[in-house]
Amino acid sequence: MEKIKVAIVGYGNLGKGAEKAINLAEDMELVGIFTRREPKTIESQSKVYSLENILDFKGEIDVCILCGGSATDLRSQGPEIARHFNTVDSFDTHAKIPEYFNDIDLAAKEGNNLSIISTGWDPGIFSMNRLLAQSILPQGETHTFWGEGVSQGHSDAIRRIDGVIDATQYTVPIEESIERIKAGEKVNFTPRDKHKRICYVVAEDGADKEEIEFKIITMPDYFVDYNTTVHFISEEELKKNHKKMVHGGRVLRIGETSQATKQVYEFKLDLDSNPEFTSSINVAFARAVYKMRQEGKIGAITVFDVPISYLSNLTAEEQRAKLL
Ligand code: NDP
């Protein structure tokens, strides 16, 4: 069987997860990891190349999995690479998705390539579940809860405060609110009603802990709209107990199909490793991109545009026999 030739662009958490997921996929082979850093400095058993040389691999890569950060990397890397290769990315700045889609669509069409944007779990398979639930239950309300899990963005925001050495922030869903929604209560929740934030912080010796705590809980956009608890701990304890990238969450839709006939749709994830799971999703979508491009599709697409059977390495017959 001819294997799908996949490249990884960017070797952070998602890049490492993609390497593991490709190695588990029998129908794929890893062409290499492409990085902006000096390839020799990257610790990996796979082949590592400079991103500057990626165009030398035209014709040798079926799909590139873009693992750069959403805030800055993908805005430029996405269109640049989509112009030359089929791509998958997990761009997750929700408000900017329409704009990013247009940039990628233009670039991919210029190069006669196919690019799927914003795969992963949110956006990604949570989006698929929101659409599926809304399609089945048009009369209803959808709610998304995240956690319990580590938010890298919130942890980074704490690390930027003077006097902080390191920090981990957990986003925790408020179970009581989930139960009220599932019971059919009509709710109008604020962010504070849905999630709380728990922070583990390592402070410098002699730092003013009260001031650090005040800066955290009053931080606009990140913490001020939530009930936030701050625990100061040692660097050793943070490293031992709070460095796993656990995450998860739930999509809930509560609908009515006739008067007083309540239907609860719930999709839940509980993840030991957010990046490894996200990358496993990206690898499945790389398979779909490969198949859809072979059928002639070009431009940008999202998870909504992919027939679910294209994600699988099973034949259609096997899918019907084993999974239907
Ligand atoms: P990282 O910060 O770990 O990596 C981002 C990039 O930074 C890498 O591609 C790499 O590029 C560079 N980098 C990584 N480590 C180092 C280092 N030690 N020194 C210098 N540069 C480094 O981000 P993640 O992999 O955790 O996440 C990537 C994006 O994925 C996030 O921005 C997030 O938006 C998105 N995401 C989406 C999810 C979803 O469900 N849709 C879920 C999880 C994440 P290079 O090798 O070229 O230097």
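Treat the numbers as computed from the prediction; the structure is a model and nothing was measured.

Details of the UniProt feature "domain: Meso-diaminopimelate D-dehydrogenase C-terminal" (unreviewed entry) in the protein chain
Next up, step 1: Taking the UniProt record as the reference, the feature "domain: Meso-diaminopimelate D-dehydrogenase C-terminal" (unreviewed entry) is found at residues 120-273.
Next up, step 2: Along residues 120-273, the helical share is 31% and the strand share 37%, with 13 Å between the first and last C-alpha atoms.

Things to note about the UniProt feature "binding site: substrate" (unreviewed entry) in the protein chain
Next up, step 1: Under the feature "binding site: substrate" (unreviewed entry), the UniProt entry names Trp146, Thr171, Arg197, His247 and Asn274.
Next up, step 2: Here Thr171 is to be found in strand E9 (residues 164-173).
Next up, step 3: A relative accessible area of 6% places Thr171 in the buried class.
Next up, step 4: Those residues in contact with Thr171, other than ones at most four positions away along the chain, are Trp146, Gly147, Glu148, Gly149, Ser151, His195, Lys196 and Arg197.
Next up, step 5: Inspection of the secondary structure assignment puts Arg197 in strand E10 (residues 195-203).
Next up, step 6: When sequence neighbours within four positions are dropped, the list of residues in contact with Arg197 reads His154, Gln169, Tyr170, Thr171, Tyr222, Phe223, Tyr226, Asn227, Thr228 and Thr229.
Next up, step 7: A distance of 3.0 Å separates polar atoms of two side chains, one belonging to Arg197 and the other to Gln169.

Remarks on the site of the ligand
Next up, step 1: Taken together, the neighbourhood of the ligand is formed by 22 residues, with Leu14, Thr35, Ser70, Asp92 and Trp121 sitting nearest.
Next up, step 2: Contact between the ligand and Tyr11: an oxygen atom at 2.9 Å from a main-chain N or O atom of the residue.
Next up, step 3: Contact between the ligand and Asp122: an oxygen atom at 2.9 Å from a main-chain N or O atom of the residue.
Next up, step 4: Counting residues per element, the ones that place at least two in the shell around the ligand are helix H1 (13-24) and helix H10 (274-294).

Calculation rules
- Residues numbered from 1 in each chain as written.
- Predicted model: local features only at pLDDT ≥ 70, side-chain atom pairs only at ≥ 80, totals over all residues.
- Heavy atoms only, no water.
- UniProt positions renumbered as here; feature names shortened; annotations may be inferred.
- Helix = DSSP H or I, 4+ residues; strand = E, 2+ residues; numbered from the N terminus.
- Buried < 20%, exposed > 50% of the residue type's maximum accessible area, 1.4 Å probe, protein only.
- Contact = heavy atoms within 4.5 Å.
- Polar contact = N/O pair within 3.5 Å; in protein donor to acceptor, adjacent residues only side chain to side chain.
- Near = heavy atom within 4 Å.

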